[in-house]
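One-letter residues, chain by chain:
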Amino acid sequence: MFGAGGGTSSYEEAEHADLIVLWGSNAREAHPIYFHHVLAGIHRGARLIVVDPRRTSSAAWADAWLGLDVGSDIALANAVGREIIHAGLVNETFVARATSGYDQYARSVEPYTLDRGERLTGVPAAMITDLAHRYARADRAQLCWTLGITEHHNAVDNVLALINLSLLTGHVGRYGSGLVPLRGQNNVQGGGDMGAIPNKLPGFQDVETDAVARARCEQRWGVGLPAHRGWHLAQMFDAMADGQLRTLFVLGENPARSEADQHRTVELLTGLDHLVVQDITLTETGELAEVVLPATAAWAEADGTVTSSERRVQRVRRALTPPGSARDDIEILVELARRLGHEWGHPSAEEVWDEVRALSPMHAGMSYPRLASTGGLAWPCPDEQHPGTLFLHARLWAEDESERGPRAEFHPVPFDPPLDQLTDEFPIRLTTGRRLDSFNTGVASGGMRSPLRRREALGLSPADAERLGVTEDEVVRVTSRRGAVLAPVHVDPGLRAGLAFLTPHFPDQVATNVLTADAWDPASGTAEFKATAIRVERLDQAPDDDRASQAVGARWT
């Protein structure tokens, strides 16, 4: 945030906030650990507002639910910003001292009147006003989002629209007031911290603009580094399509099922000259590979670190001996390097971590002994006397201008609706999400029993189910511009007319990503999983289509 890829606040701050806004986040199911802190805040008197197309289980705890149309987040944020300005609720002292670009931002949101905001979003003007006033007037406010905001073709603009609201009100850089982007999977934060981003070195140091950091890494690694960014995931698949990328090494990922437009994804993966997969189970992607390298389960069979969405780095300790021929990820990578002509020795997890500390200033003070004794430290932690950083950007409130550092910039962003447009042929908006009992494509959770689990089904509103003449558990054909699947119906009262819902958890039952669009955000490379246009047909009324998946309820407990 503001140059560092992490949330500004600690989890505990939700317990002491006056207002918590979950925007595009069903944290009750997708991030239950964080939601425990939200519940603690509610029990202490915090108000909760949920902004989500679905009336989720998180919304059951909310004072207000704003059921916006999928993909209209920028329009809503801009309308909220305009109302804050017109109501005289801007934190003028903070804006003047710590930000830049306010005048341009104010002009950009002026067209987003309450009436226009209601038309663009489906949220009543009175509720837009209520959100604006509550957020601006709160002493401590947490603004939280997750994949509901970022899995769109304009993901970064969505995030910037929310950051604008925090700058407008001064809800950043103070205890209890901040921005909380919850990561979509375990240790996604840690992967970004380590440089698993096309333009970043460890510690979010920019490979293109930070010559000092680049030179430090070059000296340590003994190689020259290109001073330009690499491909993000969507660009890698485009490179496969035009023949530039012919070999792929996949570590702990299942793109054959997790990526949008599954037909295209599988076609590109099978067209590679060489595909290598390193994972703990034989995934669908592994089944396409020439070589599969069996790895260890990092959470139980390996030593290392993991980083949560609050930037907290914690130790992970091996509890089990890896089965069979499974080998630690570090051991596999070191052996591959040796066979490719580079001798890296036999480093332990701690030695690898110490190398990270030597290269990333924000991790420098996080030795293994300190991580063990403290239970974890939040970056930045620049030296071994530093306690870690509970919340970021306190500098913005410094009295001395020289201590405030760079100003935080407003970023005007225009409303841009989903690319997969609704038409008479595809009149229903499909969005995707997660359930409490399952994880991503089901690799880690699909084979486990859960009393909460039900088979994958297409969620439809009661109104749409009645209009289509379908009932609970009836199998229907679901068709998008990319393909079709068969799915049983689940009538969900939390859905509004025109909105449908699926998860990616059970691709052997319903291959959800056969339907989703691979349009992606140019800034982040994230595909627009959340806004697919579909039609739903009864089987006795639908034409035959050999593209339709026949896996319906094939395996469930």
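The structure we're discussing is the one just above.
Structure report, in brief. (Residues numbered from 1 in each chain as written. Predicted model: local features only at pLDDT ≥ 70, side-chain atom pairs only at ≥ 80, totals over all residues. Heavy atoms only, no water.)

The next subject is the overall build of the chain. The secondary structure content of the chain amounts to 20 helices and 21 strands. Expected size for 557 residues packed as a compact globule is a radius of gyration near 24 Å; at 24 Å, the chain falls within 12% of this value. Dimensions along the principal axes, computed over C-alpha positions, put the chain at roughly 65 × 60 × 45 Å. Burial status across the chain gives 53% buried among its 557 residues. (Helix = DSSP H or I, 4+ residues; strand = E, 2+ residues; numbered from the N terminus. Rg over C-alpha atoms; globule rule 2.2 N^0.38 Å. Buried < 20%, exposed > 50% of the residue type's maximum accessible area, 1.4 Å probe, protein only.)

Bringing the side chain of D206 into the picture now. For D206, the location among the structural elements is in strand 8 (residues 205-206). Exposure remark for D206: the relative accessible area of 14% places this residue in the buried category. A polar contact of 3.3 Å, which involves the side chain of D206, links it to the side chain of N199. Once residues within four sequence positions are removed from consideration, D206 is found in contact with N199 and K200. (Polar contact = N/O pair within 3.5 Å; in protein donor to acceptor, adjacent residues only side chain to side chain. Contact = heavy atoms within 4.5 Å.)

Attention now goes to the packing of aromatic side chains. Counted under the stated rule, the structure contains six aromatic pairs. Each ring, one from Y105 and one from F410, has its centre 5.1 Å from the other, and the planes form 25 degrees; the classification is stacked. Within this pair, whereas Y105 is found in helix 5 (residues 102-109), its partner F410 is found in the loop between strand 15 (408-409) and strand 16 (428-432), the two being separated by 305 residues in sequence. Of the two residues, Y105 and F410, both sit in the buried class. Ring centres of F204 and W379 lie 5.8 Å apart, and the angle between their planes is 45 degrees; on these two criteria the pair is classed as tilted. In this pair, F204 sits in the loop between strand 7 (200-201) and strand 8 while W379 sits in the loop between strand 14 (377-378) and helix 19 (401-404), placing the two residues 175 residues apart along the sequence. Summarising the burial analysis for this pair, F204 and W379 share the class buried. (Phe/Tyr/Trp six-rings, centres within 6.5 Å; stacked < 30°, edge-to-face > 60°.)

Once that is clear, we can look at the pairing of strand 10 (residues 274-279). Burial of strand 10 is extensive: five of the six residues sit out of reach of the surface. Bridge count between strand 9 (residues 247-251) and strand 10: five bridges; the pairing is parallel. Paired with L251 across the strands is Q278, a residue of strand 10. Here strand 10 runs beside strand 11 (residues 291-294); their pairing, made up of four bridges, is parallel. The residue of strand 11 that forms the bridge with V276 is V291. (Pairing = 2+ DSSP bridges.)

Right, let's talk about the packing of helix 3 (residues 73-86) against helix 5 for a bit. Remark: helix 3 packs on helix 5, axes separated minimally by 9 Å, with the N-to-C direction vectors making an angle of 110 degrees. By the angle between their directions, the pair helix 3 and helix 5 is classed as roughly perpendicular. With respect to the hand of their crossing, helix 3 and helix 5 are arranged in left-handed fashion. Of the residues in helix 5, those touching helix 3 at A77, N78, G81, R82 and I85 are Y102, Y105, A106 and V109. (Axes fitted to C-alpha atoms, helices over the stretch in contact; angles between N-to-C directions. Parallel < 35°, antiparallel > 145°, perpendicular 65-115°, else oblique. Left-handed = near helix turned anticlockwise from the far one by under 90°.)

A cis amide bond links W379 with the next residue in sequence, P380, at an omega value of 0 degrees. Locating P380 in the fold gives a position in the loop between strand 14 and helix 19. In this model, H393 sits at a positive phi of 70 degrees, which is unusual for a non-glycine residue. Here H393 lies in the loop between strand 14 and helix 19. Note on H393: relative accessible area 14%, which makes it buried.

Here we come to the sheet that holds strand 9. In space, the three strands of this open sheet follow the order 9-10-11, with parallel pairing throughout. Lying at the two open borders of the sheet, with one neighbouring strand each, are strand 9 and strand 11. Going across the sheet, the axis of each strand differs from the next one's by a mean of 10 degrees, ignoring polarity.

Structurally, the position occupied by T265 is in helix 14 (residues 262-270). Judged by its relative accessible area of 4%, T265 is buried. Here A260 takes part through its backbone oxygen, which lies 3.1 Å from a polar atom of the side chain of T265. Non-local contacts of T265, meaning those with residues more than four positions away in its chain, are made with F237, P255, A256, E259 and A260.

A few words on the environment of A398. For A398, the position within the fold is in the loop between strand 14 and helix 19. Filtering out sequence-adjacent residues up to four positions away, A398 remains in contact with R97, E403 and R404.

The next point concerns a nonpolar patch on the surface. There is a patch of nonpolar side chains on the surface, built from F249, L251, L333, L336 and W344 and spanning about 450 Å² of accessible area. Taken together, the elements giving at least two residues each to the nonpolar patch come down to strand 9 and helix 16 (329-339). Relative to the helices and strands, W344 is located in the loop between helix 16 and helix 17 (349-359). Relative accessible area serves as the criterion here: at 54%, W344 is assigned to the exposed category. (Patch = residues over 30% accessible without salt bridge, like charges linked within 9 Å, V, L, I, M, F, W, Y side chains within 5 Å. Areas by Shrake-Rupley, 256 points an atom, 1.4 Å probe, with all protein chains shown as cover. Salt bridge = Lys/Arg side-chain N within 4 Å of Asp/Glu carboxyl O.)

With that settled, consider the pattern of salt bridges. This structure, assessed with the given rule, holds 29 salt bridges. As a salt-bridge pair, R312 and E310 come within 2.9 Å of each other at their nearest N and O atoms. For R312, a relative accessible area of 22% corresponds to the partly exposed category. On the accessibility criterion, E310 (9% relative accessible area) is buried. One connected set of salt bridges, linked through shared partners, spans D238, R264 and D518.

Before going further, it helps to examine the pairing of strand 6 (residues 178-181). Neither face of strand 6 is exposed, since G178 and V180 on one face and L179 and P181 on the opposite face are all buried. Relative to strand 6, strand 5 (residues 141-145) runs parallel, the two being bridged by four bridges. Looking at the pairing, L143 lines up with L179 of strand 6.

Nothing here speaks to function; it is all geometry.
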